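Working through the structure, step by step
Chain residues, written in single-letter form:
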Amino acid sequence: MLRIECPWCGVRNEDEFSYGGDATVERPADDASQDDWYHYAYTRDNPAGPHREYWHHVNGCRAWIVVERDTVTHEVFSTAPASPNLPAGNREG
Amino acid sequence: MPDQNSLPPRVSPLLPRSGDHIVDYSNLRLTERKALTAIQVLSFKGKNEAVAGAIGTALGIECSTQPGISNANEHTQVSWNGPNSWMVVASDEESGRAPGELLKLLQDAVGELGAVVDQSHGRCGLRLSGSRARQVMAKNTAIDLHPRAFGPGRCALTSVAHMNATIVQVDDTPTYDLFVIRSMARSFAHAIEHACREFAND
Amino acid sequence: MAQQFRTSSGGHIDRGRVISFTFDGKSYQGYEGDTLASALLANGVHLVGRSFKYHRPRGIQTAGSEEPNAIVELRSGPRKEPNTRATTIELFDGLVANSQNRWPSLDFDVMAINNLFSPLLSAGFYYKTFMWPASFWTNVYEHVIRRAAGLGTAATEPDPDHYEQCHEHCDVLVVGAGPAGLSAALAAARTDARVIIVDEHPTLGGSLNRDNYTIDGKHGSEWAAETAAELAAMDNVHVFSRTTVFGYYDHNVIGAVEKVSDHLPVPPAGHPRQRMWLFYPQRVILATGATERPLVFGNNDKPGIMLASAARSYVNAYGVKPGKRVIVATNNNDAYRTAIDLHRAGIFVTAVVDSRAHPDAPLADELKKLSIRLLTGSAVGAAEGGKRVKYAQIVTTQGDTLDPVRIDCDLIACSGGWNPNVHLHSQSGAKPVYDDSILSFVPGESRQAEVSAGAANGSFALQDCLDQGNAAGAEGANMAGFEGKEVKAAKAEDEGVYALEALWIAPTPYNKSYKQFIDQQNDVKASDVELASQEGYDSVELLKRYTTQGMATDQGKTSNVNALAILACQRGEPIPQVGITTFRPPYVPVAMGVFAGHTVGNDFMPVRRTAIHDWNEKQGAVFIEAGLWLRARYFPQYPGDTLYNCYVRETEATRNNVALVDVTTLGKIDIQGPDAPEFLNRLYINNWLKLPVGKARYGIMLREDGMVYDDGTTSRLGENHFFMTTTTANAAGVLAHMEQYHQTEWPDLDVVFCSVTEQWTGIAVAGPNSRKLLEKVIDIDVSNEAFPFMAVGECKLNNITARLFRISFSGELAYEVNVPADYGEQAWLDLLEAGKEMGVGVYGTEALGTMRIEKGHVAGSELDGRTTARDIGLEGMANRAKHFIGKHCSERPALLGDGRLQVVGLKSLVPGRNLRIGAHLVDPDKRLGSVSQSQGHISATTYSPQLDCGIALGLLMDGASRHGEQLDAVFPLDDEKLRVEVCHPVFIDPEGELVRA
């Protein structure tokens with residue numbers, strides 16, 4: 001089981017979160033080509049090693065976060081809010 | 001504002017029961033906090049501090065922007081409820097406020113700074129209290145409620161008995177207020193009640 | 001005579017508490033504090049089971065959880081538990097146990113004939129013997145194998161006991177409460193760190209309770225008891241006995257099982273039988289000790305052959321004499337303690353057989369003092385006897401096997417050295433490494449926040465255990481942020497050094513071929529390893545699977561290192577080159593119930609109930625699960641009333657009069673903020689900027705790939721305030737979807753939203769008389785002029801503040817009323833009361849489904865993740881001048897071209913026959929030979945009372961342009977074929993006049 005640190009709530013069990021996909025993919029602009037949109041919708045890398053992923057603290061504060069994680073060792077390097085505009089948590093400790 | 005006397009009685013989402021308590025042991029008590037008013041406040045972009053200030057001023061209770069903090073007076077709790085959200089919970093009976101009064105108070109205070117959403121009927125509140133309460137909670141939630149990690153004035157949004165819930169610690173008996181969505185109230189109360197049974201004859 | 005093998009004194013048993021139990025139908029007595037194994041031995045019972053493959057008689061080999069042989073069926077009836085180890089079962093009054101894997105009886109087992117045919121059952125025998133013909137596998141082989149090679153049989157009735165799961169956090173977790181664990185816990189606890197110490201035995205102390213050590217001038221068990229009491233009295237320490245750590249998971253999560261009530265006949269009221277713990281420590285100290293390994297010699301599996309440490313455990317801890325005439329066979333110093341302890345207990349130790357030419361001199365002297373014969377450079381080559389060992393053939397280790405010495409005995413206590421218990425270390429992701437000085441594996445580099453101490457770390461001297469535990473405890477606490485002043489570890493009295501020499505297989509007498517067992521639980525012999533190696537299965541992972549070595553429920557705790565060493569000998573390579581298999585959880589077998597915990601039966605998942613649930617129940621409604629929700633499906637009016645009768649009646653009541661339905665389960669989301677309209681514009685394909693306040697609109701959401709995700713109505717309650725509804729199924733998903741886009745893609749949009757599903761009870765009032773009904777209880781003008789189709793407004797229902805929506809799923813004139821949920825039942829009753837005089841009805845999801853099909857409203861069965869807005873005929877709603885999710889991918893050429901499955905209506909042309917969901921649509925009079933002939937399928941069906949025929953919605957290739965065609969709906973599973981006519985999906989009121997009336 002992974003233990004993931006929510007930037008607001010602290011370290012919580014994996015079962016409070018749902019996986020939200022690859023966070024390295026950028027959503028194309030509205031005028032981007034069909035090809036760009038196709039790749040955005042369908043193609044993903046499957047790296048063995050460090051990766052950036054979206055996770056949703058769905059059974060907690062409902063924030064989306066970016067988790068830097070090693071997909072082989074499961075080590076979590078960092079977690080950060082996905083949105084720059086949500087008030088940062090000044091969590092104790 | 002509705003006339004209190006003309007409203008029908010509020011019906012609890014839990015099954016009617018004979019006693020006042022769902023669990024009533026010498027060292028453990030589980031009680032429904034009936035007919036609560038629960039108001040969710042969400043701040044608009046860049047208005048978080050302002051909304052917290054407005055709530056605090058309106059209620060005379062500090063509204064913290066710090067995650068996991070719950071402040072209260074005798075009848076009203078203001079709990080952190082997410083990065084830009086708070087839940088204000090009060091018993092109208094204890095506060096002496098008329099139904100709808102707290103909603104109006106907060107709407108007026110928050111104004112255009114955020115959204116004020118009535119969740120009073122959408123949440124079931126349970127109070128678990130007693131020397132065994134932390135052990136009962138350990139059967140239902142993975143978060144650390146040890147006095148070194150949690151305590152009165154702290155709250156957490158987490159999974160309790162596999163259901164989304166808010167835990168607010170009220171005192172160091174310990175007493176916990178547990179809030180769960182209305183539709184799951186019976187499953188939730190049953191799970192907590194079941195977890196208490198081991199301590200029936202302590 | 002009862003318990004004739006009990007010593008006159010000693011042991012940690014309560015001789016004042018006699019306990020009666022039954023084994024294989026025979027009654028015996030033991031004492032409180034006994035295990036089933038020790039009590040059986042006290043009664044002279046050594047034969048306790050038959051082996052897995054060869055059905056050889058087997059006895060008790062160990063005194064702990066590593067036991068491979070003494071596997072029994074515990075209890076009976078619904079509490080029956082197969083494959084439990086007699087060595088870990090605490091004796092309780094009335095205990096019933098039975099031996100396994102024998103028929104008709106343990107003494108006379110028909111399948112023991114396998115022993116004679118053993119050449120057929122060698123390594124890989126499953127793969128070789130049962131290869132051909134393939135049809136024999138299911139018809140013949142499997143039945144025979146299952147009967148012959150069974151373990152116990154499971155209970156057939158449901159388990160009456162309760163299991164639960166608990167969580168606890170700490171700074172330092174100590175696994176194992178032997179000398180290293182106790183001193184680690186004490187050192188950590190003295191820093192004020194939060195400490196958990198876990199041990200699988202009922203009493204802390206580990207080897208201190210089984211051996212005669214002296215610590216700080218006291219007997220080791222006394223020191224252990226005092227230390228345990230000290231720990232138990234500390235506020236910052238939580239002591240778990242009868243608890244086994246079975247799993248070391250990622251991120252330092254530790255799984256353990258606490259046997260709360262296993263030592264009792266039945267669990268006390270309200271108590272679980274077993275409890276799973278998930279521990280979340282900052283640091284872990286593995287003080288899991290070591291397991292002795294047996295010696296590999298001929299017939300080394302006979303009852304009466306046990307580990308040397310087990311023999312002295314039975315004497316020291318249980319006051320049981322495991323034999324009267326004992327040979328101690330060893331390749332190391334440690335087993336000498338067995339000889340000495342047994343001798344002191346009055347047991348005749350006939351010889352110590354040491355494979356080393358030059359054993360430790362002081363130990364040899366001590367034996368001499370006790371007049372115990374010592375044979376050096378010698379080994380037990382084979383044991384002989386029937387259901388109990390009778391004598392041993394001693395050979396020299398230098399290869400002189402033609403002149404074996406015969407020594408009579410009824411017990412051979414053997415020691416092949418000690419293996420540190422590195423299982424949890426390995427589970428944590430680390431790789432154990434081979435240590436030549438102890439001929440075994442020791443912990444390697446840590447991958448998680450763990451450290452091993454004492455015997456688990458390969459350090460077998462007591463003082464080392466105490467010192468390492470002490471240091472690890474202090475260090476662990478320190479790393480978790482706690483400072484303490486240095487305290488010296490307890491002082492153990494001097495003892496000899498552990499020294500051993502390799503003896504992986506003993507030479508056999510006269511070099512004869514004997515069965516030399518390695519893995520006794522799976523009946524794997526040294527010759528199987530040799531054969532596997534010869535046949536090319538010589539990597540450790542292949543060996544394991546080919547021979548099943550180490551794959552039994554004991555996971556090869558006593559056998560793995562011996563097997564590796566023998567494989568290494570075969571390959572002519574050093575052991576480290578051969579490697580080690582990875583240990584995986586669970587360390588000991590764990591009952592499935594423990595993993596299920598509380599969530600079984602009715603508690604499997606939470607149930608969601610609406611405010612009208614109790615009323616529905618009182619009416620005798622039949623419910624259907626919709627996700628976690630229970631929804632009323634239909635309302636039988638009399639015994640035997642059928643689903644069909646009900647939905648026809650409920651539909652007619654709606655279409656002809658007025659009826660209520662509970663629609664609380666729809667997802668409801670409150671959306672506010674200056675950018676709320678823009679947010680909706682991006683979520684939905686249609687336009688929201690111009691929706692007037694006080695109006696609702698039906699909207700479609702796509703996924704990024706262009707497929708329809710969800711639909712529902714969203715109302716504008718204020719300039720910047722919207723109220724969205726979603727389908728019941730997608731309520732949670734849509735909210736998460738909105739949060740994702742708002743937080744990851746469009747954080748600049750100034751909008752907030754939250755679920756208000758639970759706040760409101762939703763009641764649809766549908767039918768031509770719905771307005772008439774509402775006028776009686778609603779305080780606003782609901783006329784068509786004042787409150788037209790898609791109008792939204794606040795109102796009062798009697799005194800309850802409510803929201804009113806003029807929307808319709810049924811296709812009739814209809815309204816939806818939302819009231820705060822605590823008033824939901826009252827509002828429902830008020831509406832029923834108001835409608836009483838006009839004969840108001842109620843309906844469930846079945847009639848709801850019928851009416852939505854008649855009206856051609858798509859739902860989950862059409863929105864199956866493969867349909868676009870165009871496919872369902874709603875592309876006209878899309879505003880492609882703006883940006884929205886799925887816009888680009890829904891414009892891909894293949895989605896716009898011919899050949900798409902499109903929503904159509906279908907009418908059964910066979911009178912009296914309804915259509916079937918899942919039926920394929922094919923050209924008339926064609927059989928469905930392959931899926932390629934399918935032109936589509938039926939997604940939803942009903943009997944339409946309005947049209948008086950079976951109707952359906954389906955997805956048909958280019959269906960929108962094929963109205964009027966006839967096809968066959970075929971259902972090959974039942975060889976069914978029905979002629980259908982393709983039509984417009986809206987069967988009734990295609991102009992929508994009714995809803996606007």
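Rules of the game
Residues numbered from 1 in each chain as written. Chains lettered and ligands numbered in written order. Predicted model: local features only at pLDDT ≥ 70, side-chain atom pairs only at ≥ 80, totals over all residues. Heavy atoms only, no water. Contact = heavy atoms within 4.5 Å. Salt bridge = Lys/Arg side-chain N within 4 Å of Asp/Glu carboxyl O. Polar contact = N/O pair within 3.5 Å; in protein donor to acceptor, adjacent residues only side chain to side chain. Helix = DSSP H or I, 4+ residues; strand = E, 2+ residues; numbered from the N terminus. Buried < 20%, exposed > 50% of the residue type's maximum accessible area, 1.4 Å probe, protein only. Lys, Arg positive; Asp, Glu negative; His and termini not counted. Buried area = accessible area lost by both parts, 1.4 Å probe. Nonpolar A, V, L, I, M, F, W, Y, C, P; charged D, E, K, R; others polar. Phe/Tyr/Trp six-rings, centres within 6.5 Å; stacked < 30°, edge-to-face > 60°. Lys NZ or Arg CZ within 6 Å of the ring centre and 35° of its normal. Pairing = 2+ DSSP bridges. Axes fitted to C-alpha atoms, helices over the stretch in contact; angles between N-to-C directions. Parallel < 35°, antiparallel > 145°, perpendicular 65-115°, else oblique. Left-handed = near helix turned anticlockwise from the far one by under 90°. Core = buried A, V, L, I, M, F, W, Y, C linked by side-chain atoms within 4.5 Å. Domains from an automatic or database assignment.

Below, the discussion takes up the interface of chain C and chain B. The accessible area lost on association of the parts is a frequent measure of interface size. In this assembly, 50 residues from chain C lie in contact with 43 residues from chain B. At the junction of chain C with chain B, the criterion picks out 7 salt bridges. Across the pair Arg148 of chain B and Asp192 of chain C runs a salt bridge whose closest N-O atoms are separated by 3.1 Å. One can count 28 residue pairs in polar contact (both at pLDDT 80 or more) joining chain C with chain B. The set of elements that each furnish at least two residues to the side of chain C that touches chain B consists of strand E8 (163–175), strand E15 (274–286), helix H16 (613–618), strand E34 (667–672) and strand E38 (752–755) of chain C. The greatest single-element share of the side of chain C that touches chain B, amounting to 6 residues, is contributed by E8 of chain C.

So, on to the side chain of Arg293 of chain C. Residue and element names in this part refer to chain C. With respect to the element layout, Arg293 can be found in the loop between strand E16 (290–292) and strand E17 (305–307). Despite its burial, Arg293 pairs with no opposite charge, the nearest such side chain being Glu292 at 9.0 Å. Engagement of the side chain of Arg293 in a polar contact is seen with the side chain of Asn419, the distance being 2.4 Å. In this structure the side chain of Arg293 is engaged in a polar contact, spanning 3.1 Å, whose partner is the backbone oxygen of Leu439.

Listed per partner, the contact involves 28 residues of chain A and 29 residues of chain C. Note on chain A versus chain C: buried area summed over both sides is about 2500 Å², and carbon and sulfur give 49% of it. At the surface where chain A touches chain C, the tally comes to 19 residue pairs in polar contact (both at pLDDT 80 or more). Secondary-structure elements contributing two or more residues to the side of chain A that touches chain C are helix H1 (34–42) and strand E4 (50–56) of chain A. By residue class, the composition of the side of chain A that touches chain C is 15 nonpolar, 8 polar and 5 charged.

Now for the packing of aromatic side chains. Residues and elements named next belong to chain C. Scanning the model with the defined rule gives 24 aromatic pairs over all chains in all. Ring geometry for Phe246 versus Phe595: centroids 5.6 Å apart, planes at 70°, classification edge-to-face. Here Phe246 is found in strand E13 (residues 243–249), whereas its partner Phe595 is found in helix H15 (residues 592–596), with 349 residues between them in sequence. With a centroid separation of 5.7 Å and 35° between ring planes, the pair formed by Tyr314 and Tyr318 is classed as tilted. Here the residue Tyr314 and the residue Tyr318 both occupy positions in helix H6 (residues 308–318), the gap between them amounting to 4 residues, near one helical turn. Members of the aromatic cluster, joined through ring pairs, are Phe679, Tyr741, Trp746 and Phe753. In this arrangement the basic side chain of Arg406 is found over the ring face of Tyr391, its NZ or CZ atom lying 3.6 Å from the centre.

Residue and element names in this part refer to chain C. As summarised here, the arrangement of the 6 strands in space is E40-E41-E42-E39-E33-E43, forming an open sheet in which the pairing is mixed. The open sheet has two free edges, formed respectively by strand E40 (792–797) and strand E43 (841–842), since each of these has just one partner strand. When strand E41 (residues 800–805) meets strand E42 (residues 814–820), the two strands line up antiparallel, connected through 3 bridges. Along E42, the bridge assignment pairs Leu804 with Val817. Together, strand E33 (659–662), strand E39 (760–766), E40, E41, E42 and E43 form the strand contacts of helix H21 (residues 824–835), whose direction differs from that of E39 by roughly 15°.

Moving on, we come to the packing of helix H11 (residues 526–534) of chain C against helix H12 (residues 540–547) of chain C. Packed helices, taken two at a time, are described by their axes: the angle between them and the distance between them. Residues and elements named next belong to chain C. Packing of H11 against H12 brings their axes to within 10 Å, and their N-to-C directions diverge by 120°. Classified by the angle between their axes, H11 and H12 sit oblique to one another. In this structure, H11 crosses over H12, and the sense of that crossing is right-handed. Counted together, Asp528, Val529 and Ala532 of H11 and Leu543, Tyr546 and Thr547 of H12 form the full contact between these two elements. Classifying every residue of the contact of H11 with H12 gives 4 nonpolar, 1 polar and 1 charged.

With that settled, consider the side chain of Thr744 of chain C. Within the secondary structure, Thr744 of chain C sits in helix H19 (residues 731–745). At a separation of 2.7 Å, a polar atom in the side chain of Thr744 of chain C contacts the main-chain carbonyl oxygen of Gln740 of chain C. For Thr744 of chain C, the contacting residues outside a window of four places in its chain are Tyr54, Trp64 and Ala82 of chain A together with Glu739 of chain C.

Residues and elements named next belong to chain C. Phe21, Phe23, Leu36, Leu95 and Tyr314 are the most contacted members of the largest nonpolar core, which totals 52 residues. Among the elements that line this core, the one with the most residues is H6, at 7 residues. A domain-level breakdown of this core finds at least three residues from each of domain 1 (1–157) and domain 3 (294–416). When sequence neighbours within four positions are dropped, the list of residues in contact with Tyr314 reads Ala37, Ser38, Leu41, Ile60, Thr62, Ala63, Thr87, Met306, Gly319 and Val320. One finds Leu186, Ala453, Cys465 and Ala472 within the second-largest nonpolar core, a separate group that totals 36 residues.

With that out of the way, let us pick up the sheet that holds strand E19 (residues 348–354) of chain C. All names here are of chain C. Here we have 5 strands laid out as an open sheet, ordered E17-E24-E18-E19-E20, and parallel in their pairing. The sheet terminates laterally at E17 and strand E20 (374–375), the two strands that pair on one side only. Judged from the 6 bridges that link them, strand E18 (residues 325–330) and E19 form a sheet pairing that is parallel. The partner of Ile327 across the bridge, within E19, is Ala351. With respect to the sheet, H6 is in contact with E17 and strand E24 (411–415), its orientation differing from that of E17 by roughly 85°.

The complete set of buried residues in H12 of chain C reads Val540, Leu543, Lys544, Tyr546 and Thr547 of chain C. Phi for Thr548 of chain C, located one or two positions after H12 of chain C, is positive at around 65°.

This paragraph deals with the pairing of strand E46 (residues 936–944) of chain C. Residue and element names in this part refer to chain C. Among the 9 residues in E46, 8 count as buried, and that is most of the element. Bridge count for E46 against strand E47 (residues 949–957) is 8 bridges, and the pairing is antiparallel. By the bridge assignment, Thr942 is partnered in E47 with Ile951. What sits between E46 and E47 in their antiparallel hairpin is a turn of 4 residues, with Asp948 showing a positive phi close to 50°.

With that settled, consider the domain arrangement of chain C. All names here are of chain C. According to the domain assignment, chain C contains domain 1 (1–157), domain 2 (163–291 + 420–479), domain 3 (294–416), domain 4 (511–578) and domain 5 (898–997). Across the domain 1 to domain 3 interface the summed buried area is about 2100 Å²; carbon plus sulfur atoms make up 58%. The largest share of the area that domain 1 buries against domain 3 comes from Phe5, His46 and Gln61, three residues that together contribute 29% of it. For Arg58, the salt bridge identified is with Asp301, shortest N-O distance 2.9 Å. Between domain 1 and domain 3 we count 11 residue pairs in polar contact (both at pLDDT 80 or more) in total. Counting residues per element, the side of domain 1 that touches domain 3 draws most heavily on helix H1 (residues 36–42), which supplies 4 residues. For the side of domain 1 that touches domain 3, a count of residues per class yields 9 nonpolar, 12 polar and 8 charged.

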